[in-house]
Amino acid sequence: MASVRIENVVSSTALAKSLDLQSISLSMENADYDPERFPGLIYRIKDPKTAILLFRSGKAVCTGAKDMKQAHDAIAYVSARLREQKVDVYDRPEIEVQNMVASSDLGREINLNALAITLGLEKVEYEPEQFPGLVYRMDSPKVVLLLFSSGKLVCTGAKSVSDVEKAVDTIAADLRGAGLI
């Protein structure tokens, strides 16, 4: 199996029934709130290097984490900072993965023209004049792979590391079976 590197885990949770973003932005350092530009408050954390997007609805999105532990740590950190500001937040917010982005290297160059035909044109977008990679929408697991002629790939849309690994194993097996790697 080709090694897989998780680049970003995007997760979401509900931190409270509602949040007063204006008040939070005035009381917390590293808070960026400009409702004219974006409806949420952006709270950046240095360790783990993540950003938490807070919304008036009490919902939050964590982006930039490399794994679920970092996502949990970042959300716990923001929850603690909010509690310090006397904001009523839930004790144990349930965190759900929305998207994982991962990269991998198949170790061999790929003929993307031949790959487009092999995978079936109904699941493939390949316009090298527009974008140098081939976009493949995989059914199982339900992810999108961006494959490049260098043999490198990006997987997006996964909900778990096992989905990423299964997608990479599947595409590598398909490429070997077609004699493309």
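Residues numbered from 1 in each chain as written. Predicted model: local features only at pLDDT ≥ 70, side-chain atom pairs only at ≥ 80, totals over all residues. Heavy atoms only, no water.

Visitor: Quick question: what am I supposed to make of the overall build of the protein chain here?
Guide: Scanning the protein chain from N- to C-terminus turns up four helices and 10 strands. Listed by position from the N terminus, the elements making up the protein chain come as β-α-β-β-β-β-α-β-α-β-β-β-β-α. Expected size for 181 residues packed as a compact globule is a radius of gyration near 16 Å; at 20 Å, the protein chain overshoots this value by more than 25%. Seen through its C-alpha atoms, the protein chain measures out along the principal axes to roughly 60 × 30 × 25 Å. The buried share of the protein chain, taken over its 181 residues, is 40%. Long-range contacts, defined as pairs at least 24 residues apart, comprise 58% of the intrachain contacts of the protein chain with a sequence gap of at least 6. (Helix = DSSP H or I, 4+ residues; strand = E, 2+ residues; numbered from the N terminus. Rg over C-alpha atoms; globule rule 2.2 N^0.38 Å. Buried < 20%, exposed > 50% of the residue type's maximum accessible area, 1.4 Å probe, protein only. Contact = heavy atoms within 4.5 Å.)

Visitor: Would you mind going over the sheet that holds strand β7 (residues 124-125) with me for this structure?
Guide: The strands making up a sheet associate through hydrogen bonds between their backbones, and the pairing can be parallel or antiparallel. Reading across the sheet, the 10 strands line up as β2-β3-β4-β5-β1-β6-β10-β9-β8-β7 and stay open at both edges, with antiparallel pairing between neighbours. Each having just a single partner strand, β2 (31-33) and β7 make up the two edges of the open sheet. Summarising the sheet, strand β3 (residues 41-45) and strand β4 (residues 50-54) pair through five bridges and their orientation is antiparallel. Paired with Tyr43 across the bridge in β4 is Ile52. (Pairing = 2+ DSSP bridges.)

Visitor: Where do I start with the pattern of salt bridges in this structure?
Guide: Note on pairing: side chains with opposite charge can pair once their charged atoms come close. As enumerated under the stated definition, the model contains eight salt bridges in all. The shortest N-O distance in the salt bridge between Glu7 and Arg5 comes to 3.5 Å. Exposure remark for Glu7: the relative accessible area of 23% places this residue in the partly exposed category. A salt bridge links Asp139 to Lys123; its shortest N-O distance comes to 2.5 Å. Residue Asp139 is found in the loop between β8 (134-138) and β9 (143-147), and its partner Lys123 is found in the loop between α3 (112-119) and β7; the two are separated by 16 residues along the sequence. (Salt bridge = Lys/Arg side-chain N within 4 Å of Asp/Glu carboxyl O.)

Visitor: What exactly am I supposed to notice about the side chain of Ser104 here?
Guide: Following the sequence through the fold, Ser104 ends up in strand β6 (residues 96-105). Only 2.7 Å separates the side chain of Ser104 from the backbone oxygen of Ser3, close enough to count as a polar contact. Setting aside chain neighbours within four positions, we find Ser104 in contact with Ala2, Ser3, Val4, Gly151, Lys152, Leu153 and Val168. (Polar contact = N/O pair within 3.5 Å; in protein donor to acceptor, adjacent residues only side chain to side chain.)

Visitor: Would you take a moment to explain unusual backbone geometry for this structure?
Guide: Negative phi values dominate among residues other than glycine, just as trans dominates among peptide bonds. For the bond from Asp47 to Pro48, the omega torsion is 0 degrees, close enough to zero to count as cis. Mapped onto the elements, Pro48 comes out in the loop between β3 and β4. Residue Pro141 is reached from Ser140 by a cis peptide bond, and omega for that bond is -5 degrees. Looking at the element boundaries, Pro141 is found in the loop between β8 and β9. Residue Asn30 is not a glycine yet carries a positive backbone phi of 65 degrees. Residue placement: Asn30 occurs in the loop between α1 (21-27) and β2. What makes Asn30 partly exposed here is its relative accessible area of 47%.

Visitor: Help me out: how do you make sense of the nonpolar core in this one?
Guide: In summary, soluble globular proteins display a tendency toward joint burial of nonpolar side chains. Within the largest apolar cluster, 52 residues are counted, with the highest numbers of intra-cluster contacts made by Ile52, Leu54, Leu145 and Leu147. For this core, the leading source of residues is helix α4 (residues 161-177), giving six residues. Not counting chain neighbours up to four residues away, the residues in contact with Leu147 comprise Leu106, Ile110, Leu112, Leu115, Gly133, Leu134, Tyr136, Lys152, Leu153 and Ile171. (Core = buried A, V, L, I, M, F, W, Y, C linked by side-chain atoms within 4.5 Å.)

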